[in-house]
Amino acid sequence: MNPKSELDRAEILDWRNSERLELVSAIKERIPSITQKTDALIDDMSAWDSIWRSSFHDREIAPVVESWLVEVMTELKHEIEESAQISERSLGNDATDHSWTWGEIAGAGAATAATLAPLAVLPFVASIATVSTTSFLVFSTSVVSLPILAVVVGGATIAGVGGEKTRRYVSSWITDGYREQVRAEIYNKAVGDPVDLEAPALCRRLLADIDLIANTRLEHLE
Amino acid sequence: MTSPLLPFQIAAENIPGWAAGQLVRHGAILKDVNTGRIVAHLQETGLLNQAASQGVNMLGNAANPIGGVASIFTAVQNEQIKSKLANLESLVGGMHTLQLATLATSVVGIGVTMASTAIILNRIKQLDETVQRVESKVDAMPAKWREMRVHETLVDLQTHLERLDESAHRRDREQVLGNVEEKLDYSFNQFADGAHRMVGNVIIDADQLRILMSALSICAGAQFKALLYLDLKEAAQKRATRQNRKIEQLTWLIPQDVLETRLADKTDQAQAISSDASELRIRLAGRPQILESMIMSDIHGRDYIEQSEQETDEPLLLLPVPQDA
């Protein structure tokens, strides 16, 4: 038994607690920067795009949000790793001796630690860079859909049925609803769907990684 | 044998790194921030116990349900004690939050608890009152809570503490202490198991959780003291390590961000509970190290406790860590 390791364990749990808190707060703080962008894109949406919103969404909204998610994830992953190294050094240990680097966690081996390797080397990041259809970061039309009837009726109205005032009203109704859907879905993808606790999200993924690092550090002390 | 514990104010100035401000407090230990090395242990004394007793007497049960009084400083009337506490706060408070002001109300203390049996029994009484309040406000208590029989287990805990106190006046002291520490271990495990099952719920009741954490702290502190009286330092190390693992497993399940989403209507309490959990962890985690220092310096457990209890001039004593510890 190493009595000092007991204190180290308590400090690792404190690190995990504060790192999780900071992560949740950091992601929430960054959300307005992306919703401002998507709001602006939706405000500028043409009548044609309102009717063919699916195409607009995949062409204009999804790439912006996906790229933002990848950017935030990359930045926060680096911050977490740096913080873990500082925490490890504060225990009097040499952080480079430990196997909790991102590369190791991702199964890529210690040589591909995130701080050293190009992002694409890391399977975790590479899988996002290619944005497969199953990735939790996909922000395609399927995640924001209006009821089909609303789209048909709204589309028909905008396309010519009814007066100008009615057309503007319907257009605004569709746009507002769409804007709210996008905002809600950005929150769900970034922080996590509060209703579906199992739904994948950036924050949940990084929280799991923090836990993995903390757990690996604890195991190292055993 | 020379006294192993030194008055904090005199000793601290002789610790390398103290003057340079490179020492931080983590629970009951002082650590060098540059090397991560533990340089000394802090130990609360009979003076703090006096202050806490005054606080409890002054404010009775009127304060918060878990801790008792709100602040030593607001409750202590004795100006001499107050001045000593203030002096200590200025010495170590800036170094790292010592939270002396709330020490008497905290679920933790510094080092081996010097709180008198009266103070601890008072805390148990308050916990029990909270249990009754919690149980009366909810029509259908969760089955898990009922199975824990918290009230009955608190009464058992009260009995064990009374017998621990009584042991000093008995010829069969060692046998009584042995029985008490065993029963306190059962109580600890009961509370730990109950808390573990409770935090598995989607919605957690803040009061219930704080009751269980306080009870765990009291059980752990009392049995550690009993083992020290018996000078069973190696056994105490093993016990402490085992209990640390249980507290670790419990608190792993409830980091603050999780608590914030799962405390029913009391999200503001998440931070307080999380802070209590951290203090509890760090305090309990320091026990194996302090025992190691006592083993290396050949200090008898009873001598350690008695010297701490008898100290009424200084609020804290300091046990330097042997160089090769």
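Only a predicted model underlies this, so the values are computations on that prediction, with no experimental measurement involved. (Residues numbered from 1 in each chain as written. Chains lettered and ligands numbered in written order. Predicted model: local features only at pLDDT ≥ 70, side-chain atom pairs only at ≥ 80, totals over all residues. Heavy atoms only, no water.)

1. Points about the packing of helix α9 (residues 206-229) of chain B against helix α14 (residues 301-310) of chain B
All names here are of chain B.
- Viewed as axis vectors pointing N to C, α9 and α14 meet at an angle of 120°, and their least axial separation amounts to 6 Å. Considering their axes alone, α9 and α14 lie oblique with respect to each other. Judged by residue contacts, Lys225, Leu228 and Tyr229 of α9 engage Gly301, Arg302, Ile305 and Glu309 from α14.
- Tallied by class, residues from the contact of α9 with α14 come to three nonpolar, one polar and three charged. (Axes fitted to C-alpha atoms, helices over the stretch in contact; angles between N-to-C directions. Helix = DSSP H or I, 4+ residues; strand = E, 2+ residues; numbered from the N terminus. Parallel < 35°, antiparallel > 145°, perpendicular 65-115°, else oblique. Contact = heavy atoms within 4.5 Å. Nonpolar A, V, L, I, M, F, W, Y, C, P; charged D, E, K, R; others polar.)

2. Quick word on the packing of aromatic side chains
Residue and element names in this part refer to chain A.
- Scanning the entire structure with this criterion turns up two aromatic pairs over all chains.
- Both rings, one in tryptophan 48 and one in tryptophan 52, keep their centres 5.9 Å apart while their planes meet at 50°; by these two values the pair is tilted.
- On the basis of relative accessibility, which here comes to 58%, the residue tryptophan 48 falls in the exposed class.
- The exposure class of tryptophan 52 is partly exposed, given its relative accessible area of 47%. (Phe/Tyr/Trp six-rings, centres within 6.5 Å; stacked < 30°, edge-to-face > 60°. Buried < 20%, exposed > 50% of the residue type's maximum accessible area, 1.4 Å probe, protein only.)

3. Notes on the nonpolar core
- Judged by nonpolar contacts, the single largest core of 66 residues is most densely connected at Val150, Leu154, Leu157, Leu161, Phe191 and Leu209 of chain B.
- Each of domain 1 (6-106 + 291-320) and domain 2 (117-285) of chain B accounts for three or more of the residues forming this core.
- If near-sequence neighbours (up to four positions away) are discounted, valine 150 of chain B is found in contact with Val131, Trp145, Phe191, Ile211 and Leu212 of chain B.
- Grouped together as the second largest cluster of nonpolar side chains are 35 residues, Trp68, Val182, Val191 and Cys203 of chain A included. (Core = buried A, V, L, I, M, F, W, Y, C linked by side-chain atoms within 4.5 Å. Domains from an automatic or database assignment.)

4. Looking at the packing of helix α3 (residues 53-90) of chain A against helix α8 (residues 202-221) of chain A
Residue and element names in this part refer to chain A.
- Taken N-terminus to C-terminus, the directions of α3 and α8 make an angle of 20°; their axes are 11 Å apart at the nearest point. The orientation of α3 relative to α8 falls into the category roughly parallel. Between α3 and α8 lies a crossing of right-handed hand. Judged by residue contacts, Leu69, Val72, Met73, Leu76, Lys77, Ile80, Ala84, Ser87 and Glu88 of α3 engage Leu202, Leu206, Ile210, Ile213 and Arg217 from α8.
- Of the residues assigned to the contact of α3 with α8, the class counts are 10 nonpolar, one polar and three charged. (Left-handed = near helix turned anticlockwise from the far one by under 90°.)

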